[in-house]
Amino acid sequence: MSKKDFDVIVVGAGPAGMAAAYVLAKAGVDVIVIERGKFPGSKNVMGGIFYRKPMDDLIPEFYKEAPIERHIVEQRMWLMDDVSHFSMGIKTQKHNSEPYNCFSVLRAQFDKWFSKKVVEAGALLINETVVTEPIVENGKVVGVRTDRPQGDLYADCVIAADGVQSFLAKSLGLRKKITPNKVALGVKEIIGLSEEQVNDRFGIKDSKEGVTIEITGPFLKGMEGMAWMYTNKNSVSIGIGVIIDDLINHNMNPNDLLESLKNHPSVLPLIEGGETREYLAHVIPEGGYKSVPRMYADGFMVAGDAAMLVDSVHREGSNLAVESGKLAAKTYLEARESGDFSEKTLSRYQEKLEETYVLQDLRYYKNLPELLEEKRYLLTEYPQFLIDAMTEIYTVDGVPKPEKFRKIKGELKSRFGYIGLAKDLYTIWRKLR
Ligand SMILES: Cc1cc2nc3c(=O)[nH]c(=O)nc-3n(C[C@H](O)[C@H](O)[C@H](O)COP(=O)(O)OP(=O)(O)OC[C@H]3O[C@@H](n4cnc5c(N)ncnc54)[C@H](O)[C@@H]3O)c2cc1C
């Protein structure tokens, strides 16, 4: 009979690992979570928006006790060049009442709280322990080796929720080496302000309400990326993530980009006078559906960022992590009935994910990374045209409006050509079909 210390070993105490452990512990499974950080959240970086739905399914009304900063009622999108921004967005009272849509959170606090719930549910959490390799016997994962003395642990199944670098998935050959055109480097600061300053500067009446601003456009100088500002209770999270290949090709340093973002005339008034409380950097998987690996092997499943589950178009990652962790746990519970943890049985995990929005959303955008790689100008030239057109329309200078519209039409034709425009629209439509 094979050795067994636990039913399941979960590697990584981020949202994916903790969701898996919570479901398993609640079902009476003997589960251990191994985390390399001092405590869950100590190593984790996120822009800061946490989505309610998958977490609420796990712990109903969690937001009433979890360390939430603000619930988000307004989401703005800015197209920005060096001197202007063109703003769109949605502010709705539908997101201003329970059960809410999403929240700004600080991961160091939120993950700590989540891990408490996981331990209360019955899981064992071990911090400051690094999993160094999977233990494989006869082609089946039977446990993990850790950096602790006598640190080998055995279980029916290992769930790798060890984040974007997933050493475990790589060493089992499930994941390929990450290429720098498929990951972004994100840097972020938390800038302390008073609650009143946050409210006044972002046009918020009630301190429980929050605003997000997503920023892209020509200020990125043709690099693929996104910047963001999220309101916390008495701070603002501001950050920028850019594809690593683009940083290399443009000889750009993410810290300099963040500094120039902070000093942009549209951004500076929102954070001016604040003190930097934290500075964080992390890699974001941006390869989309085509980079999602096989997420199972004999006695093994991969969840969250470790499986490259990030929807960068909609800034979703934490929710996909929670959903995948839950489904990995549910797949284990089904497999336990037959005592069969083979690759074939665990393949149901990926099938389940294909049935949900997690892989359906990623599949919808599957051609987007290549499209943007081929046609970087979509990220600069069209946004610049829009900013210029809006500036023209809103400039009152005695020029009659019909003349302004003629000028804008002429610009459209000279910058893109009608055939070029039609081709770009057709390509986008075809790639997103
Ligand atoms: C800059 C940035 C901004 C983002 N903004 C948002 C946002 O606003 N909203 C959103 O939904 N998503 C956002 N994301 C994505 C989101 O953070 C991730 O999708 C999510 O954290 C994935 O959760 P996870 O549990 O899979 O991995 P992680 O949160 O990375 O957790 C992995 C855990 O595993 C541990 N670990 C790793 N290796 C080992 C090992 N060998 N042994 C033991 N432990 C190990 C790590 O310490 C860590 O605690 C952002 C990401 C970044 C980098």
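Residues numbered from 1 in each chain as written. Predicted model: local features only at pLDDT ≥ 70, side-chain atom pairs only at ≥ 80, totals over all residues. Heavy atoms only, no water.

**Q** An account of the packing of aromatic side chains is requested, with residue identities and associated values reported.
**A** The tally for this structure, following the rule as stated, stands at 17 aromatic pairs. Taking the centre distance of 4.4 Å and the plane angle of 45° together, the rings of Phe50 and Phe110 count as tilted. One end of the pair, Phe50, is in strand 3 (residues 49–51); the other, Phe110, is in helix 3 (residues 107–120), with 60 residues separating them in the sequence. We note that Phe50, like Phe110, is buried. Put simply, the rings of Phe50, Phe62, Tyr63, Tyr100, Phe103, Phe110, Trp113 and Phe114 touch in pairs and so form one group of aromatic residues. Seen from the ring of Phe39, Lys112 lies directly overhead, with NZ or CZ sitting 4.5 Å from the centre. (Phe/Tyr/Trp six-rings, centres within 6.5 Å; stacked < 30°, edge-to-face > 60°. Helix = DSSP H or I, 4+ residues; strand = E, 2+ residues; numbered from the N terminus. Buried < 20%, exposed > 50% of the residue type's maximum accessible area, 1.4 Å probe, protein only. Lys NZ or Arg CZ within 6 Å of the ring centre and 35° of its normal.)

**Q** Give me the lowdown on helix 15 (residues 418–432), citing residues and values where you can.
**A** A turn of α-helix holds 3.6 residues, and therefore any two residues three or four places apart point the same way. Between its first and last C-alpha, helix 15 extends 21 Å over 15 residues, near the 21 Å set by a 1.5 Å rise per residue. Within the sequence span of helix 15, burial applies to Leu421, Asp424, Thr427, Lys431 and Leu432. On an axial view of helix 15, the arc spanned by its buried residues comes to 130°, and they lie on one face. Opposite the buried face of helix 15, at more than 90 degrees from it, the exposed residues are Ile419, Lys423 and Leu425. For helix 15, the elements touching its buried residues are helix 11 (357–364), helix 12 (368–374), helix 13 (381–394) and helix 14 (401–416). (Expected span 1.5 Å × (residues − 1). Arc of directions from axis to C-beta. Contact = heavy atoms within 4.5 Å.)

**Q** Could you give an account of the site of the ligand, naming the residues involved and the relevant values?
**A** The ligand sits among 37 residues. The nearest are Glu35, Gly47, Ile49, Asp305 and Ser318. The separation between an oxygen atom of the ligand and a polar side-chain atom of Arg36 is 2.9 Å. In the environment of the ligand, an oxygen atom lies 2.6 Å from a nitrogen or oxygen atom belonging to the side chain of Ser318. When the free accessible area of the ligand is taken as 990 Å², the share hidden by the protein chains comes to 95%. For the shell around the ligand, the elements supplying multiple residues, two or more each, are helix 1 (15–26), strand 3, strand 13 (225–231), strand 15 (275–285) and helix 9 (318–338). Element by element, the count of residues in the shell around the ligand is highest for strand 15, at three residues. Partitioning the shell around the ligand into residue classes produces 18 nonpolar, eleven polar and eight charged. Both domain 1 (6–67 + 106–176 + 293–355) and domain 2 (183–285) contribute no fewer than three residues apiece to the shell around the ligand. (Near = heavy atom within 4 Å. Polar contact = N/O pair within 3.5 Å; in protein donor to acceptor, adjacent residues only side chain to side chain. Areas by Shrake-Rupley, 256 points an atom, 1.4 Å probe, with all protein chains shown as cover. Nonpolar A, V, L, I, M, F, W, Y, C, P; charged D, E, K, R; others polar. Domains from an automatic or database assignment.)

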